[in-house]
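# Topology and contacts: notes
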Amino acid sequence: MPSAAFGYRLLTAILVTTITGLVTILVAAGAGAAHAATDAVPGGISAAPADSTACSGRPAADAAIEGCGLLVDGLKFVTWDRAEQPIEDALVPARLVFWGPPRHGEPNPQSAIAVWQRDASGVWRAWGIETPPGVPRLVKFERDGLYAILSTTPIGWSLPVPPPAASIFATGQVVTYYGFPDVPTMGILGEYSPNEAMRLVSARAATYDALNGDASVTPGLHLITAVAHSSPGFDGTYLGRLSMETVKAYADAAAAAGGVLILDFQI
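Numbering of residues starts from 1 in every chain and runs along the sequence as written. Where local features are concerned, this predicted model is filtered to residues with pLDDT of at least 70; where side-chain atom pairs are given and counted, the filter is 80 or more; whole-chain, interface and lining totals use all residues. Excluded from the side-chain calculation are hydrogens and water; included are all heavy atoms of the structure.

### Side note on the overall build of the protein
The number of helices and strands found in the protein is six helices and eleven strands. Buried means the residue's accessible area, taken with a 1.4 Å probe over protein chains only, is under 20% of the maximum for its type, while exposed means over 50%, and partly exposed covers the values in between. By residue count, 39% of the 267 residues in the protein fall in the buried class. Here, two residues are considered to be in contact whenever any of their heavy atoms come within 4.5 Å of each other. Sequence-distant contacts in the protein: of pairs separated by 6 or more residues, those separated by 24 or more amount to 66%. Note that accessible areas follow from Shrake-Rupley with a 1.4 Å probe, and for residues the cover is restricted to the protein chains shown. Accessible surface, the protein as shown: approximately 13,900 Å² in total, 60% of it carbon and sulfur. Think of it this way: any DSSP run of H or I at least four residues long counts as a helix, any run of E at least two long counts as a strand, and we number them from the N terminus.

### Quick notes on the state of the cysteines
Here a disulfide denotes a covalent bond joining the sulfur atom of one cysteine to the sulfur atom of another. Any pair of cysteine sulfurs within 2.5 Å is marked as a disulfide. On inspection of all chains with the given rule, the structure shows one disulfide. One disulfide in the model links Cys55 with Cys68; its S-S distance is 2.1 Å. Since a negative S-S torsion denotes a left-handed disulfide, the Cys55-Cys68 link at about -80 degrees is left-handed. With Cys55 in the loop between helix H1 (6-31) and helix H2 (59-62) and Cys68 in the loop between H2 and strand S1 (69-79), this residue pair connects regions lying 13 residues apart in the sequence.

### Structural notes on the confidence of the model for the protein
In low-pLDDT regions, the fine details of the predicted coordinates are not to be read closely. How sure the predictor is of each residue is captured by pLDDT, a score from 0 to 100. Of the residues in the protein, 79% reach a pLDDT of 70 or more, and the chain-wide mean stands at 81. Every residue in residues 1-50 scores below 50 in pLDDT, and together they form 92 contacts with partners more than four places removed in sequence or on other chains.

### As for helix H6 (residues 244-256)
Any helix carries an expected span of 1.5 Å times its number of residues minus one. Compared with the 18 Å implied by 1.5 Å per residue over 13 residues, the 18 Å span of H6 between its first and last C-alpha is a close match. Regarding H6, the residues found buried are Val247, Tyr250, Ala253 and Ala254. The buried residues of H6 occupy one face: seen down the axis, they fall within an arc of 125 degrees. Pointing more than 90 degrees away from the buried face of H6 are the exposed residues Met244, Glu245, Ala255 and Ala256. Residues of H6 that are buried make contact with helix H5 (194-209), strand S9 (216-228) and strand S11 (260-265). It is the directions from the helix axis to the C-beta atoms whose arc is reported.

### Let's talk about the packing of aromatic side chains
Aromatic rings from Phe, Tyr and Trp, taking only the six-membered ring of Trp, are treated as a pair when their centres fall within 6.5 Å; an angle between ring planes under 30 degrees marks them as stacked, one over 60 as edge-to-face, and anything in between as tilted. Counting across every chain of the model gives five aromatic pairs. Aromatic side chains Trp80 and Trp157 sit 6.1 Å apart centroid to centroid with 20 degrees between the ring planes, which places their arrangement in the stacked category. Here Trp80, found in the loop between S1 and strand S2 (85-86), pairs with Trp157, found in strand S7 (residues 146-158); they are 77 residues apart in sequence, far enough to count as distant. Side by side, Trp80 and Trp157 carry an identical accessibility label, which is buried. Ring centres of Phe141 and Tyr147 lie 4.9 Å apart, and the angle between their planes is 85 degrees; this geometry places the pair in the edge-to-face category. By the burial criterion, Phe141 is buried, and Tyr147 matches it. One aromatic cluster is present, formed by Trp80, Phe141, Tyr147 and Trp157 through successive ring pairs.

### A closer look at the pairing of S1
As a general feature of sheets, a regular strand has side chains that alternate between the two faces. With eight of eleven residues buried, S1 is to be regarded as a mostly interior element. A pair of strands is treated as paired once DSSP finds two or more bridges between them. Bridge count between S1 and S7: ten bridges; the pairing is antiparallel. Note on S7: the bridge partner recorded for Leu70 is Trp157.

### With respect to the environment of Arg143
Mapping Arg143 onto the fold places it in the loop between strand S6 (140-141) and S7. The class for Arg143 is exposed, based on a relative accessible area of 54%. A polar contact is formed between the side chain of Arg143 and the backbone oxygen of Asp81, at a distance of 3.0 Å. In the analysis that follows, any N or O atom pair within 3.5 Å is treated as a polar contact, provided that within protein one partner can donate a hydrogen and the other can accept it, and provided that, for residues neighboring in sequence, both atoms belong to side chains. Within polar-contact distance, the side chain of Arg143 engages the backbone oxygen of Arg82 at 3.4 Å.

Okay, structure coming up:
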């Protein structure tokens, strides 16, 4: 069994890590895409989104599959990229398995794990083995939250499978305005700025939404991003492309209004 001082050693390890490198880790984790883990686990296993059909649900197998599980040994920082979930459900014993003989005679894998998180006000919260007195209890994983996962022995963890994202086309319609910037003869987007075009299409989508009952209506911009040319151009593709800055302006306008951007590539 872990000693009574284990919780205090965990807290000390976290505080030392915080002083030496947690700020860097937090910045890097915030700047990158959300992943189940921010670093590789021993043995070269890393966590990244995976096809849920590849996940077996067995901890001993999923710990070795990217996006399905993790091998936790010591201290690991994890960014939770899934829906909010109680820690008790995410770390239910059926999702955990010892990765080899337990080092300290732990009775089960759950007894060897602790989860720590520091909130926006700087207060640490914890869940799991031998939490020091006075430390507030941590009860759930929150989407995009950063957590310190600690184990006294290597543990294979089968991560909860994220539900598939629902398609907006399955539950409603998308209403878009089409065109190429600054060329009115190629569609309405050639007549207006990105923000003004998004304002106009949002108003048009609202008229559909009023008639659509329970079905949703999403406004959007259908942007011609690559135009076919009669000459090969510098790269031999016979295409003229918009700059990334222009495409980003349309993407930002669509996102700000809760809409979508469709990229149209001529061939």
